[in-house]
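The residues making up each chain are set out below.
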Amino acid sequence: MSGVGEGLGKVEVKLRWDPSAHGEPPRHLDIVAATYSADDPYGRPVYVVHYDSRSPDGTINMGRHSETGMGFGFVEAMMLEFDRMSSAYGRVVVGVAIHQDGGRRTFGDITGAGVLVVEGYLQLLADDFAGVAQSTAATVAEFSRDAAGAWGFREMVRGFDSDPVLFAAEMGGIRQ
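Worth saying up front: this structure is predicted, and the values here are computed from it rather than measured. (Residues numbered from 1 in each chain as written. Predicted model: local features only at pLDDT ≥ 70, side-chain atom pairs only at ≥ 80, totals over all residues. Heavy atoms only, no water.)

S.K.: Hey, could you go over the nonpolar core for me, with residue numbers and the actual values?
M.R.: In terms of nonpolar packing, the biggest core is built from 35 residues, with I60, F82, V92, V94, F129 and F143 touching the most fellow members. Of all elements in the fold, only strand 1 (10-16), strand 2 (29-37), strand 3 (47-49), strand 4 (60-64), strand 5 (76-81), strand 6 (89-98), strand 7 (114-119) and strand 9 (137-145) reach the threshold of two or more residues within this core. It is strand 6 that provides the largest number of residues to this core, a total of 5 residues. Setting aside its immediate chain neighbours within four residues, I60 contacts A33, T35, Y47, V49, R54, S55, M78, M79, L80, M85 and V92. (Core = buried A, V, L, I, M, F, W, Y, C linked by side-chain atoms within 4.5 Å. Buried < 20%, exposed > 50% of the residue type's maximum accessible area, 1.4 Å probe, protein only. Helix = DSSP H or I, 4+ residues; strand = E, 2+ residues; numbered from the N terminus. Contact = heavy atoms within 4.5 Å.)

Put into structure tokens, the structure is as follows:
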């Protein structure tokens, strides 16, 4: 954990959900992180990290990935190492998207869903997606640098009605 006044160091985003009922298509959720340049923090993402990728410098990566949930707690995890991230980046938005392979599914359709954001033993966010129950994707956290270069956290649970690809493109924009 980072010290007082140093900003965030290593942050972990964890995701849980229960598997589908017998005979239903698998429920597949993904953590997605979009990184924005310090020069254009609300523009297009410089890069996006999800289950099949990592950041070019290795500061954002998936430690665990599940395509079905398991009902055994947090089955997917993403690590963000802000203490190593280049000063070229000024903002990172993290969200969760539901794959729509077996027909439209919202967070209200997913049992046991939850997200946890922690830095070491410090819990920054815990949410069960109840506030975005009608959405197919949601942002959960925004991380940004202050004028001194220290990274900070802001809870940002906002629902979207998007598939994972579209969500990755729109998740960090300014909403009207």
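After that view of the structure, there is still more to cover.
S.K.: Talk me through the pattern of salt bridges; I want residue IDs and the actual numbers.
M.R.: All chains considered together, the criterion is met by 6 salt bridges. With a shortest N-O distance of 3.9 Å, K14 and E12 are connected by a salt bridge. The salt bridge partner of E142 is R91, with a shortest N-O separation of 2.6 Å. With a gap of 51 residues between them, E142 in strand 9 and R91 in strand 6 connect regions that are remote in the sequence. The class for R91 is buried, based on a relative accessible area of 3%. Connected through salt bridges with shared partners, the residues K10, E81 and R84 form a single ionic network. (Salt bridge = Lys/Arg side-chain N within 4 Å of Asp/Glu carboxyl O.)

S.K.: Requested: an account of the environment of Y42, with residues and values cited.
M.R.: Checked against the element boundaries, Y42 lands in the loop between strand 2 and strand 3. Y42 sits in the partly exposed class, given a relative accessible area of 42%. Through-space distance from the C-alpha of Y42 to that of G173 is 5.4 Å; in sequence the pair is 131 residues apart. Once you skip the residues sitting within four places of it in the chain, Y42 turns out to touch R91, E142, G172, G173 and I174.

S.K.: Can you tell me about the sheet that holds strand 6, naming the residues and giving the values?
M.R.: Spatially, 3-2-6-9-10 is the arrangement adopted by the 5 strands of the open sheet, whose pairing is antiparallel. Each edge of the sheet is formed by a strand with only one pairing partner; in this case those strands are strand 3 and strand 10 (151-160). For this sheet, the mean inter-axis angle between neighbouring strands, taken without regard to orientation, is 20°. Relative to strand 3, strand 2 runs antiparallel, the two sharing 3 bridges. When the bridges of strand 3 are listed, A33 appears paired with V49. (Pairing = 2+ DSSP bridges. Axes fitted to C-alpha atoms, helices over the stretch in contact; angles between N-to-C directions.)

S.K.: So what's going on with the pairing of strand 2? Which residues, and what values?
M.R.: Counting buried positions along strand 2 yields 9 of 9 residues, so the element is predominantly enclosed. Bridging between strand 2 and strand 6 involves 9 bridges; their strand directions are antiparallel. Pairing of T35 across the sheet is with V92, part of strand 6.

Spatial relationships are all this shows, so hold off on functional conclusions.
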